[in-house]
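# A look at the structure
Here is how the chains run, residue by residue.
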Amino acid sequence: LSEIPGARLAIITNKPTTPTVELLKVAGLLRYFEIVVGIDFQVIQGSGPMFTQKSEAIHLAKSRLPVNTPIGFYIGDTPSDQRASLDCGLEFIAATYGFHCWQDADLNGIAHLASISDLIPCLQEAVWRQQAHSLSPRGLT
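Presented here is an overview of the structure given in this document.

Definitions and limits used
Residues numbered from 1 in each chain as written. Predicted model: local features only at pLDDT ≥ 70, side-chain atom pairs only at ≥ 80, totals over all residues. Heavy atoms only, no water. Phe/Tyr/Trp six-rings, centres within 6.5 Å; stacked < 30°, edge-to-face > 60°. Helix = DSSP H or I, 4+ residues; strand = E, 2+ residues; numbered from the N terminus. Salt bridge = Lys/Arg side-chain N within 4 Å of Asp/Glu carboxyl O. Buried < 20%, exposed > 50% of the residue type's maximum accessible area, 1.4 Å probe, protein only.

Attention now moves to the packing of aromatic side chains. For any pair of aromatic rings, the description consists of the separation of the ring centres together with the inter-plane angle of the planes. Applying the stated criterion across every chain yields a total of one aromatic pair. Consider the rings of Phe92 and Trp102, whose centres lie 6.0 Å apart with planes at 40°: the pair is tilted. In this pair, Phe92 sits in strand E4 (residues 91–95) while Trp102 sits in the loop between E4 and strand E5 (111–113), placing the two residues 10 residues apart along the sequence.

What follows is the structure in structure tokens.
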């Protein structure tokens, strides 16, 4: 992640937390993620029930990241991921190589990845776009 300085990553998934963490460990990727939130995260932590909506998990992950994390994205592969992302105030990036078969019309005006190798360039462009927007007169509050 040296290509995106200061990046903080979280995984939010409908899969169980423990197997997700184990897969990341085996792949040598766990060190890149600040938090891994599976559907059963609150049960495992003893802090609540299983999530019923992905937006609940996104809000929890956002609350666990540092407050000064101004830019956020949600990369997902389904329209329900897109809705959850927008409900939580995050820019959505569609992973078109995933579960859902995206139509060109669905991707109009949103960033998307055709393969995992597109991830870093896509994130770099999205970060640049959000930073440019926050510096523009309309982006200042």
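Additional details are given in the paragraphs that follow.
Turning to the pattern of salt bridges, a few remarks are in order. For the coordinates displayed, the defined rule picks out two salt bridges. For Lys25, the salt bridge identified is with Glu22, shortest N-O distance 3.4 Å. Of this pair, Lys25 and Glu22 both sit in helix H1 (residues 17–26), separated by three residues, roughly a single helical turn. Owing to a relative accessible area of 46%, Lys25 belongs among the partly exposed residues under this scheme. Taking relative accessible area as the criterion, Glu22 reaches 37% and is therefore assigned partly exposed.

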